Amino acid sequence: MKRNRKKYSKPCTAVLAAATAFVFTGCGSYGIQAYQSTDIAMGTVVTQTIYAAGGEEQGEGITGDILRLLRNLEQEKLSWRISMSELAQINESAGQEAGHGLSEDMEEYLAEILAAARVSGGAFDPTLGKVTKLWNIDGWTVGGQGEIPPAKEIQALLEHTGYEKVNIRDHRIYMEADTSLDLGAAGKGIASDEIKAFLEEESKVSGAVISVGGSILTYGQKPDGTPWQIGITDPQNPGSSLGKLSLEGSWCVSTSGDYERYVEIDGIRYHHILDPSTGYPADSGIRGVTILSKSGILSDILSTACFVAGKEKALELAELYEAELLLVTEGGEIVMTEGMKACFTPYTS
Ligand code: FAD
Ligand code: MG
């Protein structure tokens, strides 16, 4: 029997106006106007460009609604840092015989996440919570200082990781003691899916491009009918782009790279994407992976999974999930699936 889908609090605009850097960018055709905003949510920068009919107030209302949706998703569901969130409560229940009841949407997210963990042979691992905490990844500032945790502590925590430590039965989750979920590698993709569902109900929006950190959603059309242009960061030189994707309609694009979050220790770079088999930053010969998919959660999961799995397995995973992939190796080689090649234009400087 289908249960009632638990909804997040209704997006409300009033709270957001103060936090939103709002830009009204003028008129397009048929009364459609572009609205832009830049904010912070989910520990990252959120930029929105919305094409909608109506006045400035209308655009401000929609970008505000989307920001509210993101913050509710973070606070009510996905943050492992906020004690009242569903994820924090799931973590709290680890080792308890009764497990923890799941909302319908969390059950759907976890089904996708655990399946990908299995299919990727554990390269994607949502149970690294205690290991990412030990590395203090949240405390890192790009290029700043950090400490390598003692090898014994990493080893001890790895005893409690792995998708097989998590079971879902009759809408309840059961986790072994000391197992802890971290959905940092899937949450922004989930956000893209939830924003898309919101926009599909928001008839005034004809097109949008919304970036939540490394996950980007394109939606609908631009007023002038030209494709969306998404730049792909050059991992060797993160200030510039390797090229651009030209996309028609609604897509999710997620990128995982070793330049996003890292610390330097004794001249060596330690980045935030861990190899679950070692507990140390993945060393698969890849510097960045971009995935193009209709699904936000899959694009986010796969960008991380492919980064850890290495080139050959990454291509297999992309094929299996019917996603398009672009990866950059340590040597600077760019590897793409055929579908990615069809929409990628390199910048040749
Ligand atoms: P991705 O490759 O998508 O994800 C990497 C992250 O996933 C790592 O940081 C780690 O947490 C986890 N991970 C590492 N290796 C693996 C693996 N093999 N398999 C699965 N997962 C792995 N950051 C803050 O500093 N403060 C915050 O308050 C904060 N709140 C957040 C709230 C939410 C709901 C989410 C989703 C993220 C939050 N973040 C926060 C995290 C921040 O946005 C991260 O930088 C981001 O999640 C990493 O994303 P990415 O796209 O760079 O890399
Ligand atoms: Mg990811």
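Along each chain, the written sequence defines residue order, and numbers are assigned to residues from 1. In the order they appear in the text, chains get letters beginning with A and ligands get numbers beginning with 1. With the structure being a predicted model, the display of local features is reserved for residues of pLDDT at least 70 and the display and counting of side-chain atom pairs for 80 or more, all residues being used for whole-chain, interface and lining totals. Excluded from the side-chain calculations are hydrogens and water; all other atoms, namely the structure's heavy atoms, are used.

Trainee: Whenever I open this one, the overall build of the protein confuses me. Can you help?
Mentor: Helix and strand labels come from DSSP, where a helix needs a run of H or I of at least four residues and a strand needs a run of E of at least two; each type is numbered from the N terminus. If you tally the helices and strands in the protein, you get nine helices and 19 strands. Radius of gyration here uses only the C-alpha atoms, and the compact-globule reference equals 2.2 Å multiplied by the residue count raised to the power 0.38. Here the protein has a C-alpha radius of gyration of 20 Å; the compact-globule value for 349 residues is 20 Å, and the two agree. In terms of principal-axis extent, the alpha carbons of the protein reach across some 65 × 50 × 40 Å. Exposure categories follow from relative accessible area, calculated using a 1.4 Å probe and restricted to protein chains: below 20% of the type maximum is buried, above 50% is exposed, and the middle band is partly exposed. Looking at the 349 residues of the protein, the share that counts as buried comes to 52%. Only heavy atoms enter the contact rule, under which two residues are in contact if any of them lie within 4.5 Å. In the protein, the proportion of contacts linking residues at least 24 apart, taken out of those at least 6 apart, comes to 63%. Neither His nor the chain termini are counted; the positive set is Lys and Arg, and the negative set is Asp and Glu. A single reference atom marks each charge: NZ on Lys, CZ on Arg, CG on Asp, CD on Glu. The centroid of the 29 positive side-chain charges in the protein is displaced by 3 Å from the centroid of its 48 negative side-chain charges.

Trainee: Can you walk me through helix 3 (residues 104-119) in this structure?
Mentor: For an α-helix the count is 3.6 residues per turn, leaving residues at separations of three or four pointing the same way. Expected span of a helix, by definition, is 1.5 Å for each gap between consecutive residues, and there is one gap fewer than residues. Helix length check: helix 3, at 16 residues, gives a terminal C-alpha distance of 23 Å against a target of 22 Å (1.5 Å per residue), a fit within 8%. Those residues of helix 3 lying buried are Glu 104, Asp 105, Met 106, Glu 107, Tyr 109, Leu 110, Ile 113, Leu 114, Ala 116 and Ala 117. Check the buried side of helix 3 and you find it contacts helix 1 (56-78), helix 2 (86-92), strand 5 (166-169), strand 6 (172-175), helix 6 (187-201) and helix 7 (296-309). Two residues or fewer after helix 3 comes Gly 121, characterised by a positive phi angle close to 65°.

Trainee: It is not clear to me how the sheet that holds strand 5 should be interpreted in this structure. Could you clarify?
Mentor: Whether parallel or antiparallel, the strands of a sheet pair through hydrogen bonds between backbone atoms. Strands sit in the order 4-6-5 across an open sheet of three strands; the sheet is antiparallel. Every interior strand has two partners, whereas the edge strands, strand 4 (100-101) and strand 5, have only one. With four bridges connecting them, strand 5 and strand 6 associate as antiparallel partners. For Arg 169, the partnering residue across the bridge sits in strand 6 and is Arg 172. If DSSP finds at least two bridges between two strands, the strands pair.

Trainee: Is there a simple way to explain the pairing of strand 7 (residues 205-212) in this structure?
Mentor: Look at any regular strand and the pattern is simple: side chains alternate between the two faces of the sheet. Buried residues dominate strand 7, accounting for six of its eight residues. Where strand 3 (residues 44-53) meets strand 7, seven bridges bridge the pair, whose relative direction is antiparallel. Bridge pairing links Gln 48 to Ile 210 in strand 7. Relative to strand 8 (residues 215-220), strand 7 is paired through six bridges, and the arrangement is antiparallel.

Trainee: In this structure, what is going on with the site of ligand 1? I would like to understand it.
Mentor: Residues are labelled near a given molecule or strand when at least one of their non-hydrogen atoms is within 4 Å of it. Around ligand 1 there are 29 residues in total, and Met 42, Asp 182, Gly 184, Ser 256 and Thr 304 lie nearest to it. The term polar contact refers here to a pair of N or O atoms within 3.5 Å; inside protein, the definition further demands a hydrogen-donor-capable atom paired with an acceptor-capable atom, and it admits residues adjacent in sequence only when both atoms are side-chain atoms. Note that an oxygen atom of ligand 1 is positioned 2.8 Å from one of the backbone N or O atoms of Met 42. His 272 is positioned such that a nitrogen or oxygen atom in its side chain is 2.9 Å from an oxygen atom of ligand 1. Elements with a minimum of two residues in the shell around ligand 1: helix 1, helix 6, strand 11 (251-257) and helix 7. At three residues, the largest contribution of residues to the shell around ligand 1 is made by helix 7.

Trainee: Is there a simple way to think about the pattern of salt bridges in this case?
Mentor: Once the charged atoms of two side chains with opposite charge are near each other, the side chains can pair. Here, a salt bridge means any Lys or Arg side-chain nitrogen found within 4 Å of an Asp or Glu carboxyl oxygen. Enumeration over the complete set of coordinates arrives at ten salt bridges. In this structure, the salt-bridge partner of Asp 138 is Arg 261, at a minimum N-O distance of 3.8 Å. Taken together, the positions of Asp 138 in the loop between helix 4 (129-135) and helix 5 (151-158) and Arg 261 in the loop between strand 11 and strand 12 (262-265) put the pair 123 residues apart, joining distant regions of the chain. Taking the relative accessible area as the measure of exposure, Asp 138 reaches 43% and is therefore partly exposed. Using a relative accessible area of 26% as the deciding quantity, one classes Arg 261 as partly exposed. In this structure, the salt-bridge partner of Lys 165 is Glu 164, at a minimum N-O distance of 3.8 Å. Among the residues examined, Glu 164 registers a relative accessible area of 47% and is labelled partly exposed. Three or more residues joined by partner-sharing salt bridges are found here, namely Lys 77, Glu 86 and Asp 105.

Trainee: Honestly, unusual backbone geometry in this entry has me stumped. Any pointers?
Mentor: Of all residues except glycine, most have a negative phi; of all peptide bonds, most are trans. The phi dihedral of Asp 170 falls on the positive side, at around 45°, and the residue is not glycine. Here Asp 170 is to be found in the loop between strand 5 and strand 6. What makes Asp 170 exposed here is its relative accessible area of 72%. The phi torsion at Glu 322 lies on the positive side, around 50°, for a residue other than glycine. Positionally, Glu 322 belongs in the loop between helix 8 (311-320) and strand 17 (324-329).

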